[in-house]
Amino acid sequence: MKKLLLSFALVVGLGLAANAQKEGPVNKISIGPDFLYPFGTVTDLGKLSDYYKLGYGGSIMGEYNITKKLNLTGSIGYMSLAYSKKVKDANVGTTVTTDNNVYYPIKLGAKYYFGPVYAAADAGVGLGLEDDRNSS
């Protein structure tokens, strides 16, 4: 599945390279890397960065122009978040799995353009399709 999404992303990206130079509220597709840094605390457990390493992935976003200054947006992606060495070492010899947590974020939103800059809002879900991973 990962290879299929990556292949599709590369084909779409290469096929629309000429469209990438357009700015402002126009129909377009963009591809990019995503990085996730865990921060904050879990009640009585400490910092999230003690339990997880840097996450990585990528996404494809499409924009559809509906007015002179407004675009609707939609994106789908892939995100992998690995447990830290501390967590993996603590679970050696147990039945607890410490494989990467993989999520597929799906978002819908809007972009409003104020000349060359814009404001955007997105909402969505991160689907956890493997094992007992939860969606969020």
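Residues numbered from 1 in each chain as written. Predicted model: local features only at pLDDT ≥ 70, side-chain atom pairs only at ≥ 80, totals over all residues. Heavy atoms only, no water.

> Looking at this structure, how should I read the overall build of the chain?
Across its full length, the chain holds two helices and seven strands. Sequence-ordered secondary structure for the chain, helices as α and strands as β, is α-β-β-β-β-β-α-β-β. Expressed as a percentage of its 136 residues, the buried residues of the chain come to 25%. Partitioning the contacts of the chain with sequence separation of at least 6, the portion at a separation of at least 24 is 52%. (Helix = DSSP H or I, 4+ residues; strand = E, 2+ residues; numbered from the N terminus. Buried < 20%, exposed > 50% of the residue type's maximum accessible area, 1.4 Å probe, protein only. Contact = heavy atoms within 4.5 Å.)

> Mind showing me how you'd approach the sheet that holds strand β7 (residues 117-127) here?
Strand order across the open sheet formed by five strands is β1-β4-β5-β6-β7, with antiparallel pairing between neighbours. Every interior strand has two partners, whereas the edge strands, β1 (28-36) and β7, have only one. Shown here is a sheet whose adjacent strand axes are inclined to one another by a mean of 20°, direction ignored. As judged from the ten bridges shared by strand β5 (residues 70-81) and strand β6 (residues 101-114), these two strands associate in the antiparallel manner. The residue of β6 that forms the bridge with Asn71 is Lys111. (Pairing = 2+ DSSP bridges. Axes fitted to C-alpha atoms, helices over the stretch in contact; angles between N-to-C directions.)

> When you look at the pattern of salt bridges in this model, what are you seeing that I'm missing?
In a structure, side chains of opposite charge can pair up when their charged atoms sit close to one another. All chains considered together, the criterion is met by one salt bridge. The closest approach of N and O atoms between Lys111 and Glu63, which form a salt bridge, is 2.8 Å. Of this pair, Lys111 sits in strand β6 while Glu63 is found in strand β4 (residues 55-65), placing the two residues 48 residues apart along the sequence. (Salt bridge = Lys/Arg side-chain N within 4 Å of Asp/Glu carboxyl O.)

> What am I meant to see in the pairing of β7 here?
Along any regular strand, the residues point their side chains to alternate faces of the sheet. Of the strand pairs in this sheet, β6 and β7 are connected by eleven bridges, and their pairing is antiparallel. Each bridged residue has a counterpart across the sheet, and for Gly109 the counterpart in β7 is Asp122. Hairpin connection from β6 to β7: two residues lie between these consecutive antiparallel strands, with Gly115 at a positive phi of about 75°.

> I'm lost on the packing of aromatic side chains in this one. Help?
Working definition: an aromatic ring pair is given by the centre-to-centre distance plus the angle between the planes. Using the criterion set out here, one finds three aromatic pairs in the structure. A ring pair is formed by Tyr112 and Phe114, whose centres lie 4.9 Å apart and whose planes are at 65°; its orientation type is edge-to-face. Look at Tyr112 and you get partly exposed, because its relative accessible area is 35%. Judged by centre distance (5.4 Å) and plane angle (55°), the rings of Tyr113 and Tyr118 are tilted. Classification of Tyr113 by relative accessible area gives buried; the value is 4%. In this structure Tyr118 comes out as partly exposed when scored by relative accessible area, which is 46%. Over the ring of Tyr118 we find Lys111; its NZ or CZ atom is 4.2 Å from the centre of that ring. (Phe/Tyr/Trp six-rings, centres within 6.5 Å; stacked < 30°, edge-to-face > 60°. Lys NZ or Arg CZ within 6 Å of the ring centre and 35° of its normal.)

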